[in-house]
Amino acid sequence: MSLVVVIGGGLAGCECALALARRGVAVRLYEMKPQRYSEAHGSPGLAELVCSNSLRSEEPTTGVGLLKEEMRALGSAVMAAAEATRVPAGKALAVDRELFSAEITRAVEAEPGIELIRREVLSLDDPELAEASAVVLAAGPLASAPLAESLALAVGGKRLYFYDAIAPIVSADSVDMDVAFLGSRYRPEDHDYLNCPLDEDQYKTFVAALLAGEKVPPRDFEQAVHFEGCLPVEEMAERGEMTLAFGPLKPVGLTDPRTGRQPYAVVQLRTENREGTAYNLVGFQTKLTYPEQKRVFRMIPGLERAEFLRLGSIHRNTYVDAPSVLTSELELKTRPGVYLAGQITGVEGYLESAACGLWLGLSLAGKLGAGPAVSLPPRETALGALLGHLRTLPARRFQPSNVNFGLMPPLDRKAKKAVRKELHAERGRESFAVWLRSLEPVDAEETR
């Protein structure tokens, strides 16, 4: 029987392992926790969500909404766990992070085809990997230093990195509900978010404090390069006094019930768990020091007495120059038999990482004779566009990316901006349906 070794029990690793095992391929899954934790992880569970608890939009006319549909159709374990542990979040899919991790951990431990080993793998040359038919490195963007160094050697030193920032979480009962009010943008009847309103003076004072606050400096040998879709809040503030008011603090669609007017700016808090006892500060990924976070964020109206259940943090995310070092099947060009999955490939986001692992699991199962051959999805699909990003040589430097319609081929007809997303989504669904049918086993009787 074929054996695939998967290194890393995050979303990509678990999705890949489960896809393989459910098709009859033996899997050995290595996870270094609780023996060792990265600077961002703190729970022994698999598929730990270290940043937001949101899996983003459910809207069918968004790239990530389309990706969710495709993952469900492919039997995604991550999507099944998300549905089982979801919490209210308006038009987004958010989960109770502890229940979500527990659900994935249960699924992996209950799968007879997976041997879960709690041990750190230090090198791609570890003797225990030698017997594997294939090795999948899904150690995430926070791979331990020895393993990251081994990968760097394997790709000839072509390693890139960027900084990722995590938003704080506050206790719900520490929010002043005489100031904060419930409601979603454009849907005031929904109670999925808490909103902390700021007037003009409060907003400008807060921005000034944010800019002046002490930040965690990068290490001497590292250059601070941030992913554009997950900028620290203070980095956004540096782009102009009104940047936040037109970004994560935009008040559009919200009315303060105390005044009957739209506030000058609004800080939104999104529920973290089903019990509604914890809230995440939306868009407040930060590199402020811990003392400064408490001081500055308590300047937000309604958070003056906030109890922080988790403070924000900054950490380095490592990823490879995928178009240069990976084949179209996510195999290292310099190390045949070694594959990469998840954020370390250069995809960005929970769902994107899981989708990458899911496709690789299905693809490897087909190559090992445990299912139909799995081709690359068309680039008109969300999954195909995401995988296509990993093999497209950029004009300058390769950068991580979330799934979005910009990664897809342009439409073959002109359309108003308002309907382009609908056309992209419609085309994507049609292309995905055709591709999915191509994966179905052929009935021998039908071919006679």
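Residues numbered from 1 in each chain as written. Predicted model: local features only at pLDDT ≥ 70, side-chain atom pairs only at ≥ 80, totals over all residues. Heavy atoms only, no water.

Trainee: So what about the overall build of the chain? Which residues, and what values?
Mentor: Along the backbone of the chain there are twelve helices and 16 strands. Overall, the chain is about 75 × 50 × 45 Å in size when its C-alpha atoms are taken along their principal axes. Out of the 448 residues belonging to the chain, those deemed buried represent 57%. Of the contacts formed within the chain by residues at least 6 apart in sequence, a portion of 70% connects residues at least 24 apart. Within the structure as shown, the chain displays about 19,200 Å² of accessible surface, and the carbon and sulfur contribution to it stands at 52%. Mean positive and mean negative side-chain charge positions of the chain (51 and 59 charges, respectively) differ by 4 Å. (Helix = DSSP H or I, 4+ residues; strand = E, 2+ residues; numbered from the N terminus. Buried < 20%, exposed > 50% of the residue type's maximum accessible area, 1.4 Å probe, protein only. Contact = heavy atoms within 4.5 Å. Areas by Shrake-Rupley, 256 points an atom, 1.4 Å probe, with all protein chains shown as cover. Lys, Arg positive; Asp, Glu negative; His and termini not counted. Charge placed at Lys NZ, Arg CZ, Asp CG, Glu CD.)

Trainee: Pulling in residues and values, what's your account of the sheet that holds strand S14 (residues 308-310)?
Mentor: Backbone hydrogen bonds are what pair the strands of a sheet, in a parallel or an antiparallel way. Read from one edge of the open sheet, six strands run S10-S11-S12-S13-S9-S14, paired in antiparallel fashion. At either end of the open sheet lies a strand with only one pairing partner, and these are strand S10 (181-182) and S14. Where strand S9 (residues 169-171) lies against S14, two bridges are found, and the strand directions are antiparallel. Bridged to Ile169 within S14 is Arg310. (Pairing = 2+ DSSP bridges.)

Trainee: Tell me what's going on with the sheet that holds strand S5 (residues 92-95), and back it up with residues and numbers.
Mentor: Sheet architecture is open: three strands sit in the order S3-S5-S4, paired in antiparallel fashion. Single-partner strands in this sheet number two, and they are strand S3 (54-57) and strand S4 (86-87). One ladder, built from two bridges, connects S3 with S5; its direction is antiparallel. Its bridge partner being in S5, Ser54 is matched across the sheet by Ala94. Of the strands in this sheet, S3 and S5 touch helix H2 (residues 63-73), which is tilted by about 115° from S3. (Axes fitted to C-alpha atoms, helices over the stretch in contact; angles between N-to-C directions.)

Trainee: Explain the pattern of salt bridges residue by residue, including any values.
Mentor: Tallied over the full model, the rule gives 20 salt bridges. Between Arg36 and Glu120 there is a salt bridge, and its shortest N-O distance comes to 4.0 Å. Of this pair, Arg36 sits in the loop between strand S2 (26-30) and S3 while Glu120 sits in the loop between strand S6 (114-117) and strand S7 (134-137), and the two are 84 residues apart along the sequence. For Arg36, a relative accessible area of 33% gives the class partly exposed. (Salt bridge = Lys/Arg side-chain N within 4 Å of Asp/Glu carboxyl O.)

Trainee: Describe the packing of helix H3 (residues 77-84) against helix H4 (residues 97-110), listing the residues and the values that go with them.
Mentor: Following both chains from N to C, one finds H3 and H4 inclined at 135°, their axes separated by 9 Å at the closest point. If you check the angle between H3 and H4, you find them oblique. Judged by the twist between their axes, the crossing of H3 over H4 is right-handed. Only Phe100, Glu103 and Ile104 of H4 make contact with H3, whose side of the interface consists of Ala77, Val78, Ala81 and Ala82. Here the contact of H3 with H4 is built from residues that sort into six nonpolar, no polar and one charged. (Parallel < 35°, antiparallel > 145°, perpendicular 65-115°, else oblique. Left-handed = near helix turned anticlockwise from the far one by under 90°. Nonpolar A, V, L, I, M, F, W, Y, C, P; charged D, E, K, R; others polar.)

Trainee: Any chance you could break down the environment of Val155 for me, citing the residues and the numbers?
Mentor: If you trace the backbone, Val155 turns up in the loop between helix H5 (145-154) and strand S8 (159-166). Note: C-alpha distance between Val155 and Gly388 (233 residues apart in sequence) is 20 Å. Each residue touching Val155, except ones within four places of it in the same chain, is listed here: Val325, Leu332 and Thr334.

Trainee: Could you give an account of empty space enclosed by the protein, naming the residues involved and the relevant values?
Mentor: In total, this model carries one cavity of 30 Å³ or more according to the counting rule given. Taken as a whole, the largest cavity spans an internal volume of roughly 40 Å³. Lining the largest cavity, in full, are Leu326, Thr327, Ser328, Leu330, Leu387, Leu390 and Arg391. Partitioning the lining of the largest cavity into residue classes produces four nonpolar, two polar and one charged. (1 Å grid on protein atoms, 1.4 Å probe; cavity = no way out; pocket = protein on both sides within 12 Å on 5 of 7 lines; lining within 4 Å. Points joined across faces, edges and corners; volume = space filled by probe spheres on them.)

Trainee: I'd like to hear about the packing of H2 against helix H10 (residues 350-367), residue by residue, with values.
Mentor: One can describe the packing of H2 onto H10 by two numbers: an axis separation of 11 Å at closest approach and a directional angle of 35°. Remark: the crossing between H2 and H10 carries left-handed chirality. On H10, the residues touching Val64, Leu67, Lys68 and Met71 of H2 are Leu351, Glu352, Ala354, Ala355 and Leu358. A breakdown of the residues in the contact of H2 with H10 according to their chemical character gives seven nonpolar, no polar and two charged.

Trainee: Explain the nonpolar core residue by residue, including any values.
Mentor: Within the largest apolar cluster, 100 residues are counted, with the highest numbers of intra-cluster contacts made by Phe100, Ile104, Val136 and Leu332. Ranked by the residues each element gives to this core, the list is headed by H10, at eleven residues. Not counting the four nearest positions on each side in its chain, Leu332 is found in contact with Leu124, Leu151, Ala154, Val155, Val325, Leu326, Val338 and Leu340. Core analysis: the second largest hydrophobic core is formed by 34 residues, Leu231, Val233, Leu288 and Phe308 among them. (Core = buried A, V, L, I, M, F, W, Y, C linked by side-chain atoms within 4.5 Å.)

Read these as geometric descriptors, not functional statements.
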